[in-house]
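Geometric and topological summary
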Amino acid sequence: MSETAGYRGRFAPSPTGALHAGSLAAALASWLDARAHGGVWLVRIEDLDPPREVAGAARQILDALSAFGLVADEPPVFQSTRGDLYRQALGQLQASGLVYGCACSRTEVAQAQRELGLPPHVYPGTCRSGTGGRPVRALRVRVPDETVGFVDRACGPYAQNLAREVGDFVVRRADGLWAYQLAVVVDDAEQHISDVVRGADLLDNTPRQIWLQRALHLPTPRYLHVPLVTNAKGEKLSKQTGAAPLDTGRPLAELERAWQHLGFPALGADGVDAFLRRATESWQARWSSA
């Protein structure tokens, strides 16, 4: 992959509320990495979960990014408009014999995990051989007992045995909505994303996504997972943990805070444009060869 002409990055927020300090750090990192490589930066709104969405949040996110000087090079894409692409990918997985129906409720999965001594995030395989006549709720993919690994640009080598550490995971939910893992893989490929820069909370999702990429014969991007912004309790900063919205009236101060969280010294720039120019130079010096 060329480090200039071939570079395409993206920031993919969910419209569940206003941007906060954690999401700005991820957005800034992905924007800077694209600029440092002379590439293209996209914004994709991950609006796959209507019950959790906040009315007007997508527009608010795009306006906030603009206030911070982070403007996409192409029109934003909304996942809610891309169901046909996800259906095609699901059909491909089904044709390969990798998809089966699951009748388990969350309560039943949790009970089986306790009985088998499994961690709470590992599916116990209850419906692998059929649902016993019970109606199908969700669709899962049948993962192999093998280790999938990759080298993260920031975190180094990372590997996961899918069968033992994740289990068969959902690609279409019981409520009929598309699961994140399938949608993100399809979208990254369709948008020709070469580099994914995002928060470290998604590091352990990456082997699942790489396995899906291989199953769907799609390319695998490079990955760079940046440190999470946490609250006073050490929890990931998010809407669920009470993250405060960013102050778009003070863009330079918010950008400086995000920049320092990413591990860089204060720039002391006198404006947003100057900040972004100097930050790009510093980012390029650290990450362009990684």
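Now for a description of the structure that goes with this document. (Residues numbered from 1 in each chain as written. Predicted model: local features only at pLDDT ≥ 70, side-chain atom pairs only at ≥ 80, totals over all residues. Heavy atoms only, no water.)

Looking now at the pattern of salt bridges. Two side chains with opposite charge may pair up if their charged atoms get near one another. All told, the structure shown has 19 salt bridges when counted by the stated rule. Taking the shortest distance from any N to any O, the salt bridge between Arg44 and Glu46 comes out at 4.0 Å. In terms of burial, Arg44 and Glu46 fall into one category: buried. For Arg82, the salt bridge identified is with Asp187, shortest N-O distance 2.6 Å. Residue Arg82 is located in the loop between strand S3 (77-78) and helix H3 (83-95), and its partner Asp187 is located in helix H6 (residues 180-190); the two are separated by 105 residues in the primary sequence. (Salt bridge = Lys/Arg side-chain N within 4 Å of Asp/Glu carboxyl O. Buried < 20%, exposed > 50% of the residue type's maximum accessible area, 1.4 Å probe, protein only. Helix = DSSP H or I, 4+ residues; strand = E, 2+ residues; numbered from the N terminus.)

Now for the pairing of strand S2 (residues 40-45). Judged by how many residues are buried, S2 sits mostly within the fold: five of six residues are covered. Examined bridge by bridge, strand S1 (residues 8-11) and S2 share four bridges and lie parallel to one another. For Phe11, the partnering residue across the bridge sits in S2 and is Val43. Assessed by its sense of winding, the connection that carries the chain from S1 through helix H1 (residues 21-36) to S2 is right-handed. Pairing of S2 with S3, which is carried by two bridges, proceeds in the parallel orientation. Residue Ile45 lies in a different strand from S3, and its bridge partner there is Phe78. As a crossover connection, the stretch from S2 through helix H2 (residues 57-67) into S3 is right-handed. (Pairing = 2+ DSSP bridges. Right-handed = clockwise from strand over helix to strand, strands pointing away.)

Turning our eyes to something else, we now look at the sheet that holds S2. The sheet built from three strands is open, its strands ordered S1-S2-S3 with parallel pairing. Each of the sheet's edge strands pairs with one partner strand only, and the pair in question is S1 and S3.

Moving on, we get to H2. Along H2, the residues classified as buried are Ala57, Ala58, Ile61, Leu62, Ala64 and Leu65. Down the axis, H2 shows its buried residues gathered within 160° of arc, on one side only. Lining the buried residues of H2 we find S1, H1, S2 and S3. Once H2 ends, the next one or two residues include Gly69, with phi positive near 80°. (Arc of directions from axis to C-beta. Contact = heavy atoms within 4.5 Å.)

Time to look at the side chain of Ser194. One can find Ser194 in the loop between H6 and strand S9 (195-199). On the basis of relative accessible area, Ser194 is assigned to the buried category, the value being 9%. Among the polar contacts made by the side chain of Ser194, one reaches the main-chain carbonyl oxygen of Gly6 at a distance of 3.4 Å. There is a polar contact of 2.8 Å between the side chain of Ser194 and the side chain of Asp195. (Polar contact = N/O pair within 3.5 Å; in protein donor to acceptor, adjacent residues only side chain to side chain.)

So, on to the sheet that holds strand S4 (residues 99-102). Note: strands within a sheet are paired through backbone hydrogen bonds, in either parallel or antiparallel orientation. What the three strands build is an open sheet, ordered S4-S5-S8; its pairing is antiparallel. In this open sheet, the two edge strands, each paired with only one partner strand, are S4 and strand S8 (170-172). Looking at each pair of strands side by side, their axes are set apart by 45° on average, direction ignored. The sheet contact formed by strand S5 (residues 138-141) and S8 spans two bridges and is antiparallel. (Axes fitted to C-alpha atoms, helices over the stretch in contact; angles between N-to-C directions.)

What follows concerns the nonpolar core. Membership of the largest hydrophobic core comes to 43 residues, with the highest contact counts inside it found for Leu28, Leu65, Leu70, Trp259, Phe275 and Trp283. Elements with a minimum of two residues in this core: H1, S2, H2, strand S10 (222-226), helix H8 (251-261) and helix H9 (272-287). Of all the elements, H1 adds the most residues to this core, at eleven residues. Contact partners of Leu70, with chain neighbours within four places excluded, come to Leu24, Ala27, Leu28, Trp31, Trp41, Leu65 and Leu276. By size, the runner-up hydrophobic cluster in this structure holds 32 residues, among which are Ala89, Val99, Val141 and Trp178. (Core = buried A, V, L, I, M, F, W, Y, C linked by side-chain atoms within 4.5 Å.)

Time to look at the pairing of S9. Burial runs high along S9: five of the five residues are buried. Note that S9 and S10 share five bridges and pair parallel. Bridge pairing in S10 places Val197 opposite Leu224. The handedness of the S9 to S10 crossover, carried by helix H7 (residues 206-215), is right-handed.

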